[in-house]
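An overview of the molecular structure
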Amino acid sequence: MSDELKHELGQEANQGRFNEGHKGDKGWADWLWPVGMVATSLAGAALLMLRGCWHRRMSWPVRGQGHAYQVCVSCGVKRLFDEKEFRPYGPYCYDLNELIQWERAQREEPLQGKRVERPAS
Ligand SMILES: [Zn+2]
């Protein structure tokens, strides 16, 4: 590599850094803050940012491990499906076991007042 070329590349890198610094003074921080809030409150939004997928095309519900769920044909994310109401519910997750755990937690919450005790196995 010639010194001249190195010099040019160095200049470009410096310019890039300068532009980035210029862009990021305040506008970015203002913009990222609400996006961060949405992403942490909605798992779906976080997945969207990672995979760029809205999960608009969900598969026909399938059964697995005693649960009905749909799978996104674009990215493979799963979502539980209520066969009685015939609509999907709950969070999006790539791991069916996590969804089952979530579902179980939802079912157990309203029973808290009744003191359902399970023997430790
Ligand atoms: Zn998807």
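The structure this text deals with has already been given above.
Residues numbered from 1 in each chain as written. Predicted model: local features only at pLDDT ≥ 70, side-chain atom pairs only at ≥ 80, totals over all residues. Heavy atoms only, no water.

Attention shifts here to the nonpolar core. Core analysis: the biggest nonpolar cluster contains six residues, these being Tyr69, Leu80, Cys93, Leu96, Leu99 and Ile100. Considering each element in turn, this core owes the most residues, three residues, to helix α4 (residues 96–108). Those residues in contact with Tyr69, other than ones at most four positions away along the chain, are Trp60, Pro61, Val62, Arg63, Gly64, Lys78, Arg79, Leu80, Phe81 and Leu96. (Core = buried A, V, L, I, M, F, W, Y, C linked by side-chain atoms within 4.5 Å. Buried < 20%, exposed > 50% of the residue type's maximum accessible area, 1.4 Å probe, protein only. Helix = DSSP H or I, 4+ residues; strand = E, 2+ residues; numbered from the N terminus. Contact = heavy atoms within 4.5 Å.)

This part is about unusual backbone geometry. Even without being glycine, Gln65 reaches a positive phi, approximately 50 degrees. By secondary structure assignment, the location of Gln65 is in the loop between β1 (62–64) and β2 (67–71). Among the residues examined, Gln65 registers a relative accessible area of 55% and is labelled exposed. A positive phi angle is found at Phe86, which is not glycine, with a value near 55 degrees. Relative accessible area serves as the criterion here: at 52%, Phe86 is assigned to the exposed category.

What follows concerns the coordination of the zinc ion. At the metal site, the zinc ion is ligated by Cys53 (SG), His55 (ND1), Cys72 (SG) and Cys75 (SG), and these contacts range over 2.0 to 2.4 Å. Classification of the site at the zinc ion as tetrahedral follows from its four donor atoms and the range of 101 to 119 degrees in their angles at the metal. Each donor residue of the zinc ion belongs to the same chain, with the gaps between them written as C-x1-H-x16-C-x2-C. (Donors = N, O, S within 2.8 Å, 3.2 Å for Na, K, Ca; no water. Tetrahedral: all angles 85-135°; square planar, octahedral: opposite > 155°, others 65-115°.)

This paragraph deals with the layout of surface pockets. Taken as a whole, the largest pocket encloses approximately 250 Å³ of empty space. What lines the largest pocket is simply Arg63, Gly66, His67, Ala68, Leu80, Phe81, Asp82, Glu83, Lys84, Tyr89, Glu103 and Arg107. Here the lining of the largest pocket takes three residues from strand β3 (residues 78–82), the largest share from any one element. Taken together, the residues of the lining of the largest pocket sort by class into four nonpolar, two polar and six charged. (1 Å grid on protein atoms, 1.4 Å probe; cavity = no way out; pocket = protein on both sides within 12 Å on 5 of 7 lines; lining within 4 Å. Points joined across faces, edges and corners; volume = space filled by probe spheres on them. Nonpolar A, V, L, I, M, F, W, Y, C, P; charged D, E, K, R; others polar.)

Moving on, we come to the sheet that holds β3. Ordered by their spatial adjacency, four strands build an open sheet running β1-β2-β3-β4, and the pairing between neighbours is antiparallel. On the outer flanks of this sheet lie β1 and β4 (87–93), each paired with one strand and no other. Adjacent strand axes in the sheet meet at a mean angle of 40 degrees, parallel and antiparallel pairs treated alike. As defined by bridge partners, β1 adjoins β2 across three bridges and the pair is classed as antiparallel. When the sheet's bridge partners are listed, Gly64 is paired in β2 with His67. Across the sheet, α4 is in contact with β1, β2, β3 and β4; its angle to β4 comes to roughly 120 degrees. (Pairing = 2+ DSSP bridges. Axes fitted to C-alpha atoms, helices over the stretch in contact; angles between N-to-C directions.)

Moving on, we get to the pattern of salt bridges. Counted by the stated rule, this structure contains three salt bridges. Of the charged contacts, one joins Glu85 and Arg87 as a salt bridge, the two residues approaching to 3.9 Å between their closest N and O atoms. The exposure class of Glu85 is exposed, given its relative accessible area of 51%. On the basis of relative accessible area, Arg87 is assigned to the partly exposed category, the value being 42%. We note a salt bridge from Glu103 to Arg107, for which the minimum N-O separation is 3.1 Å. Here Glu103 and its partner Arg107 are both found in helix α4, four residues apart, which amounts to about one turn of the helix. Judged by relative accessible area, Glu103 falls into the buried class, the value being 12%. (Salt bridge = Lys/Arg side-chain N within 4 Å of Asp/Glu carboxyl O.)

From the geometry alone we can't say anything about function, so treat these as descriptive.
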